[in-house]
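Summary of the model geometry
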Amino acid sequence: MNSYQKWNKYHKDNPHVYEEFCEKAKYAFRKGLRRYSARTIIETIRWKTSISTNSKDFKISNCYSPFYARLFAKDFPQLKEIFNYSQSQADKYFDESSS
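Residues numbered from 1 in each chain as written. Predicted model: local features only at pLDDT ≥ 70, side-chain atom pairs only at ≥ 80, totals over all residues. Heavy atoms only, no water.

Here we take up the nonpolar core. Counting residues in each nonpolar core, the largest one holds 25 residues, and the members touching the most others are W7, Y18, F21, I60, Y68, F72 and F83. The biggest single contributor to this core is helix 2 (residues 15-30), with 6 residues. If we ignore the near neighbours within four places in the chain, the residues touching F72 are Y18, F21, C22, A25, K26, L79, I82 and F83. (Core = buried A, V, L, I, M, F, W, Y, C linked by side-chain atoms within 4.5 Å. Buried < 20%, exposed > 50% of the residue type's maximum accessible area, 1.4 Å probe, protein only. Helix = DSSP H or I, 4+ residues; strand = E, 2+ residues; numbered from the N terminus. Contact = heavy atoms within 4.5 Å.)

Shown next as C-alpha cells:
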C-alpha cells in the first residue's frame, strides 16, 4: 500500500480523528491564529486527548498530517490558509483542479 492508501484506510477506520482535527483547526482560527501546524494538531490529538483508534501501530502517524491538512482545505476552503503546505505526496490526491 502507498501512503495515500494507508491514510485512506486509517481515515475510514477512524473518522473521529478527522472530526477532532477539524474542531482543533477551527478553534485555533477562532482564537485568532491565522497560521497553525497540522502536525501540531495531530500530535495534540495523539498525546493530549483520550481518542481511541482501531490502528495497531501508532494512534496517528505524523505521515498523515499532510493528508488531513489537504482534506481540511478541501472541506473548508475559507479556512485553508491556516496551514502552510509544503510539497507532499498528498498533493496529487488533493489537487485543487480535481475538486
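Moving on from the model shown.
Let us now look at the packing of helix 2 against helix 4 (residues 65-75). The N-to-C vectors of helix 2 and helix 4 enclose an angle of 70 degrees; their axes lie 11 Å apart at closest approach. With respect to their mutual orientation, helix 2 and helix 4 come out roughly perpendicular. Here the hand of the crossing between helix 2 and helix 4 comes out right-handed. Seen from helix 2, the contacting residues are V17, Y18, F21, C22, A25 and K26; seen from helix 4, they are Y68, A69, L71, F72 and D75. Residue composition of the contact of helix 2 with helix 4, by class: 9 nonpolar, no polar and 2 charged. (Axes fitted to C-alpha atoms, helices over the stretch in contact; angles between N-to-C directions. Parallel < 35°, antiparallel > 145°, perpendicular 65-115°, else oblique. Left-handed = near helix turned anticlockwise from the far one by under 90°. Nonpolar A, V, L, I, M, F, W, Y, C, P; charged D, E, K, R; others polar.)

A separate point is the packing of helix 1 (residues 3-13) against helix 4. One way to put it is that helix 1 packs onto helix 4 with a least axis distance of 10 Å and a crossing angle of 70 degrees. On the basis of the axis angle, helix 1 is roughly perpendicular to helix 4. Seen along the crossing, helix 1 lies across helix 4 with a hand that is right-handed. Of helix 4, the residues touching helix 1 (which contributes S3, Y4, W7, Y10 and H11) are F67, Y68 and L71. Each residue belonging to the contact of helix 1 with helix 4 can be placed in one class, and the counts come to 6 nonpolar, 2 polar and no charged.

With respect to the helices and strands, S88 occurs in the segment after helix 4. The exposure class of S88 is buried, given its relative accessible area of 19%. Those residues in contact with S88 that lie beyond four places of it in its chain are P66 and R70.

Moving on: the environment of W47. Turning to its location among the elements, W47 is positioned in helix 3 (residues 38-48). With a relative accessible area of 65%, W47 lands in the exposed category. Placed 12 residues apart in sequence, W47 and K59 show a C-alpha to C-alpha distance of 9.1 Å.

On to the pattern of salt bridges. Evaluation of the coordinates by the stated rule reveals 3 salt bridges. Between D91 and R70 there is a salt bridge, with its nearest N and O atoms 2.6 Å apart. Here D91 is found in the segment after helix 4, whereas its partner R70 is found in helix 4, with 21 residues between them in sequence. The exposure class assigned to D91 is partly exposed, which follows from its relative accessible area of 30%. A residue is classified by how much of its surface remains accessible, and R70, at 9% relative accessible area, is buried. (Salt bridge = Lys/Arg side-chain N within 4 Å of Asp/Glu carboxyl O.)

Treat this as a map of the structure, not an account of what it does.
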